[in-house]
Amino acid sequence: MTVARTICLGFLGVITVGTLLLMLPISLADGSWNSLITALFTATSATCVTGLIVVDTGSYYSFWGQLIIVALIQVGGLGYMTANTFLLLLLGRRSRVRYRIALQESLDSGGVSSVSQLLQSIIALTVLLELTGVFALMTIFIPEFGWTYGLWQSIFHSVSAFNNAGFSLFEDSLAGYINLPQMTIFITILIILGGIGYQVMMEAFFWLKSQIKPNKKRFRFSLHVKIVSSTTLMLLLIGSWGFFASEFGNPNTLEPLSWLHKITAAWFQSVTTRTAGFNTIDIGKMTTAGLFLTIALMFIGASPGSTGGGIKTTTFRVLITCTKSVLQGRENVILYERRVPTELIMKAVAVTVGSISIVSLSTMILAILEPRVPFIDLLFETVSAFATVGLSTGITADFSIVGALIITLLMYAGRVGVLILMAALLGDPKPSVLDYPDEDLLVG
């Protein structure tokens, strides 16, 4: 049982339990038994914090079914190993080295010496931000739905937004609130905080603490935080401008809105595309340029150690900088006056090539199974599933059983990660004592 297999089997275990619970009559609004495929798809989408659905969550599932979905989202967002190790700490047991290493792999954490402190910080930060989101959303939902249902709406959407899940209790997601700036502000803040990763938020907290209580030691942000924050801001601004430009004259999306609401809707779309899955416009009626931009942003995704998916912002930034260095004739990849190790560059290439291969193969299979569906819609659906985004052009519910199972596998592969999944299938690499000579070849 390798570390990678522990993580993969852990997610499978959570999905299995969630599937069984969602099949029970208590989980459905009409009190009937749920079908296996529907329960499996929903449980996988919730655990992998994707948000793709084949039935309407708000009307199809009862309160208990929705509660199960929220629990799966929370476990999936924190990660199986995080939740498991936290339970071990609550029981007063010392987490073994294997679980510590698995936690490090699942969170992309640099060390394993202070796992308990890391876990406590993660749990405390998650609870604090989600509760803040609940109180903020209560100002919108309680006046509309009353205390009981308004509170549940606030809890559900706060957890779903922070964990970048994209599940909503409304049939049209958040399209009914496109003209409400407060909803845009609250949801996008939760999405961004959940998507930048715990390390960024923790360093931001320590920086604020150093500003309040100055000490002799100067606080310095890590290279990871600098790359994540700058790349995230760049992608959000590019995405907002791109959606505004491509959908400005589209009568089915932004054209009927006022200038202010056009800007806020474009901003919301740029944020939610980064693996969140909520939408305030009809995705199926977007222009081809808007769909292609969405696919590109979904594929990049969120940041390491976050609740989101995709190849991650750091991977994208390393590849872009590597390409720039080659074009400039440089031998090293430099970011913020730091040299990026060759091992990290190889990992970024492996993640990207592996992700492209999985998406391409899945799209080709779906194109064979669903020949009547436009190619851009199939590509959109596969990238959305693999990057655990949850946005859809509306074709998910029309897939055949085999097509739904392919999307399910894509969500699972995207959540555990390409490298971890391959390591689980192939096992740990065997060390080699051989060293081969170098030789040039033509490339490009």
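A short tour of the structure in this document, coming up. Bear in mind that the values here come from a model prediction, so they are computed numbers and not experimental data.

Moving on: the overall build of the protein. Summing up its helical and strand segments, the protein has 18 helices and two strands in all. In terms of C-alpha radius of gyration, the protein reaches 22 Å, essentially the compact-globule figure of 22 Å for 444 residues. In terms of its C-alpha atoms, the protein occupies a principal-axis envelope of roughly 65 × 55 × 50 Å. Expressed as a percentage of the 444 residues in the protein, the buried residues total 52%. At a minimum sequence separation of 6, the contacts of the protein that also span at least 24 residues come to 70%. Accessible surface for the protein amounts to roughly 21900 Å². Of this, 66% is attributable to carbon and sulfur atoms.

Turning our attention to the nonpolar core. Ranked by size, the top nonpolar core spans 54 residues in total, and within it Ile407 and Tyr412 carry the most contacts. Elements supplying a minimum of two residues to this core: helix H1 (3-23), helix H11 (223-247), helix H12 (259-272), helix H13 (288-300), helix H15 (342-369), helix H16 (375-386), helix H17 (401-416) and helix H18 (418-426). Top contributing element to this core by residue count: H17, with eight residues. The contacts of Ile407, once residues within four sequence positions are left out, are Phe41, Leu52, Leu366, Glu381, Ala385 and Phe399. Listed in part, the 29 residues of the second largest apolar core include Met183, Ile191, Met201 and Leu236.

Let's shift gears to the packing of helix H2 (residues 36-47) against H17. The axes of two packed helices give the description: the angle between them and the distance between them. One can describe the packing of H2 onto H17 by two numbers: an axis separation of 9 Å at closest approach and a directional angle of 20°. Considered as vectors, H2 and H17 are oriented roughly parallel to each other. Both H2 and H17 take part in a crossing whose hand is left-handed. Contacts from Ile37, Leu40, Phe41, Thr44, Ser45 and Thr47 in H2 reach Ile401, Ala404, Leu405, Ile407, Thr408, Met411, Tyr412 and Arg415 in H17. In terms of residue class, the contact of H2 with H17 is made up of nine nonpolar, four polar and one charged.

For helix H9 (residues 181-196), with 16 residues, the first-to-last C-alpha span of 22 Å sits near the 22 Å given by 1.5 Å per residue. Phi turns positive one or two residues past the end of H9, at Gly197, with a value near 100°.

The subject of this paragraph is the side chain of Thr264. With respect to the helices and strands, Thr264 occurs in helix H12. Among residues more than four places away in sequence, those in contact with Thr264 are Ile178 and Thr184.

Right, let's get into a nonpolar patch on the surface. Nonpolar side chains collect at one region of the surface, where Val17, Leu21, Leu24, Ile26, Trp33, Phe63, Trp64 and Leu67 lie side by side and expose about 790 Å² of accessible area between them. Of all the secondary-structure elements, those providing two or more residues to the nonpolar patch are H1 and helix H4 (63-78). Top element by residues in the nonpolar patch is H4. It accounts for three residues. With respect to the secondary-structure elements, Leu67 resides in helix H4.

Let us now look at a negative patch on the surface. Side chains of Asp435, Asp438, Glu439 and Asp440 sit close together on the surface and give a patch of like negative charge. Tracing the sequence through the fold places Asp440 in the segment after H18.

Attention now goes to the packing of H1 against H17. The interhelical angle for the contact between H1 and H17, taken along N-to-C directions, is 135°, at an axis separation of 10 Å. Accordingly, the angle class assigned to the pair H1 and H17 is oblique. The crossing of H1 and H17 is right-handed. Mapping the contact onto sequence places Cys8, Leu9, Phe11, Leu12 and Ile15 in H1 and Tyr412, Arg415 and Val416 in H17. Residue composition of the contact of H1 with H17, grouped by class: seven nonpolar, no polar and one charged.

Quick look at empty space enclosed by the protein now. Across all of its chains, the model carries one cavity of 30 Å³ or more by this definition. The calculated volume of the largest cavity comes to roughly 90 Å³. Looking at the lining of the largest cavity, the element that brings in the most residues is H9, giving four residues. Considering only residue class, the lining of the largest cavity consists of six nonpolar, five polar and one charged.

This brings us to the state of the cysteines. According to the stated counting rule, one finds zero disulfides in the structure shown. Cys48 forms no disulfide, and the closest cysteine sulfur to it belongs to Cys8, at a distance of 11 Å.

All right, on to the pattern of salt bridges then. This structure, assessed with the given rule, holds one salt bridge. Lys285 is the salt-bridge partner of Asp282, the closest N and O atoms lying 4.0 Å from each other. Residue Lys285 is classed as partly exposed on the basis of its relative accessible area, which comes to 44%.

Here the structure, examined in full by the defined rule, presents 15 aromatic pairs. Look at Tyr60 and Tyr61: their rings are 5.0 Å apart centre to centre, the planes differ by 80°, and that puts the pair in the edge-to-face class. Taken together, Phe141, Phe145, Tyr149, Phe170 and Tyr177 form an aromatic cluster joined through their ring pairs. The positively charged end of Lys262 is found above the aromatic ring belonging to Phe248, 5.3 Å away from the centroid.

So, on to unusual backbone geometry. One can expect most non-glycine residues to show negative phi and most peptide bonds to be in trans. Of note, the phi angle at Tyr336 is positive, near 50°, even though the residue is not glycine. You can see Tyr336 is positioned in the loop between strand E1 (334-335) and strand E2 (338-339).

Conventions we followed
Residues numbered from 1 in each chain as written. Predicted model: local features only at pLDDT ≥ 70, side-chain atom pairs only at ≥ 80, totals over all residues. Heavy atoms only, no water. Helix = DSSP H or I, 4+ residues; strand = E, 2+ residues; numbered from the N terminus. Rg over C-alpha atoms; globule rule 2.2 N^0.38 Å. Buried < 20%, exposed > 50% of the residue type's maximum accessible area, 1.4 Å probe, protein only. Contact = heavy atoms within 4.5 Å. Areas by Shrake-Rupley, 256 points an atom, 1.4 Å probe, with all protein chains shown as cover. Core = buried A, V, L, I, M, F, W, Y, C linked by side-chain atoms within 4.5 Å. Axes fitted to C-alpha atoms, helices over the stretch in contact; angles between N-to-C directions. Parallel < 35°, antiparallel > 145°, perpendicular 65-115°, else oblique. Left-handed = near helix turned anticlockwise from the far one by under 90°. Nonpolar A, V, L, I, M, F, W, Y, C, P; charged D, E, K, R; others polar. Expected span 1.5 Å × (residues − 1). Patch = residues over 30% accessible without salt bridge, like charges linked within 9 Å, V, L, I, M, F, W, Y side chains within 5 Å. Salt bridge = Lys/Arg side-chain N within 4 Å of Asp/Glu carboxyl O. Lys, Arg positive; Asp, Glu negative; His and termini not counted. Charge placed at Lys NZ, Arg CZ, Asp CG, Glu CD. 1 Å grid on protein atoms, 1.4 Å probe; cavity = no way out; pocket = protein on both sides within 12 Å on 5 of 7 lines; lining within 4 Å. Points joined across faces, edges and corners; volume = space filled by probe spheres on them. Disulfide = S-S within 2.5 Å. Phe/Tyr/Trp six-rings, centres within 6.5 Å; stacked < 30°, edge-to-face > 60°. Lys NZ or Arg CZ within 6 Å of the ring centre and 35° of its normal.

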